Amino acid sequence: MALNNGLRSASKLFKSSQQLVSKSGKTCLNLAISGIKLLQNKSSLHFKQMRKEIAQFLQTGQEAIARIWVEHVIREQSIWAAYEILELFCEFILTCSYS
């Protein structure tokens, strides 16, 4: 009984999701998606540069500095993954609002 009530309320919420995102909200979501893509492109270029610098540190025998830079790369990769999740979530909201 409680499960049916939960399913009914969830389906009502999903059906009313069309009204939850206005035109300005859709515009903001599209701008957010493009901004996230821009940040991802910027960070991927930054990754390439950091990897080259890490290789130079290792070639010159500066292993301690290279380890610190590797930690930065790992942190940046985690941030990049979070950007990707945010982008997918924004796209999901947009597709639900157009349905």
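**Looking at the overall build of the protein chain**
Okay, step 1: Of the regular secondary structure elements, the protein chain holds 3 helices and 0 strands.
Okay, step 2: In the protein chain, the succession of helices and strands from N to C terminus is α-α-α.
Okay, step 3: Here the protein chain holds 99 residues, and 19% of them are scored as buried.
Okay, step 4: When the accessible surface of the protein chain is summed, it comes to about 7700 Å², and 65% of that surface belongs to carbon and sulfur atoms.

**Section: the environment of Val73**
Okay, step 1: Inspection of the secondary structure puts Val73 in helix H3 (residues 63-98).
Okay, step 2: Non-local contacts of Val73, meaning those with residues more than four positions away in its chain, are made with Phe47, Met50 and Ile54.

**Focus: H3**
Okay, step 1: Here H3 spans 52 Å end to end across 36 residues, near enough to the 52 Å set by a 1.5 Å rise per residue.
Okay, step 2: Of all the residues in H3, the buried ones are Ala66, Val73, Glu87, Cys90, Leu94, Cys96 and Ser97.

**Considering the side chain of Gln40**
Okay, step 1: Mapped onto the elements of the fold, Gln40 is located in helix H2 (residues 23-59).
Okay, step 2: Among residues more than four places away in sequence, those in contact with Gln40 are Trp80, Tyr83, Glu84 and Glu87.

**Points about the pattern of salt bridges**
Okay, step 1: Under the definition given, this model contains 2 salt bridges.
Okay, step 2: In this structure, Glu87 engages Lys37 in a salt bridge whose closest nitrogen and oxygen atoms are separated by 3.9 Å. Taken together, the residues span a long stretch of sequence, with Glu87 in helix H3 and Lys37 in helix H2 at a distance of 50 residues.
Okay, step 3: A relative accessible area of 10% means that Glu87 is categorised as buried.
Okay, step 4: We classify Lys37 as partly exposed; its relative accessible area is 38%.
Okay, step 5: Of the charged contacts, one joins Arg67 and Glu63 as a salt bridge, the two residues approaching to 2.7 Å between their closest N and O atoms. Taken together, the positions of Arg67 and Glu63, both in helix H3 and 4 residues apart, correspond to about one turn of that helix.
Okay, step 6: A residue is classified by how much of its surface remains accessible, and Arg67, at 55% relative accessible area, is exposed.
Okay, step 7: On the accessibility criterion, Glu63 (43% relative accessible area) is partly exposed.

Procedures and definitions
Residues numbered from 1 in each chain as written. Predicted model: local features only at pLDDT ≥ 70, side-chain atom pairs only at ≥ 80, totals over all residues. Heavy atoms only, no water. Helix = DSSP H or I, 4+ residues; strand = E, 2+ residues; numbered from the N terminus. Buried < 20%, exposed > 50% of the residue type's maximum accessible area, 1.4 Å probe, protein only. Areas by Shrake-Rupley, 256 points an atom, 1.4 Å probe, with all protein chains shown as cover. Contact = heavy atoms within 4.5 Å. Expected span 1.5 Å × (residues − 1). Salt bridge = Lys/Arg side-chain N within 4 Å of Asp/Glu carboxyl O.

Functional significance is not addressed by these values, which are geometric in nature.
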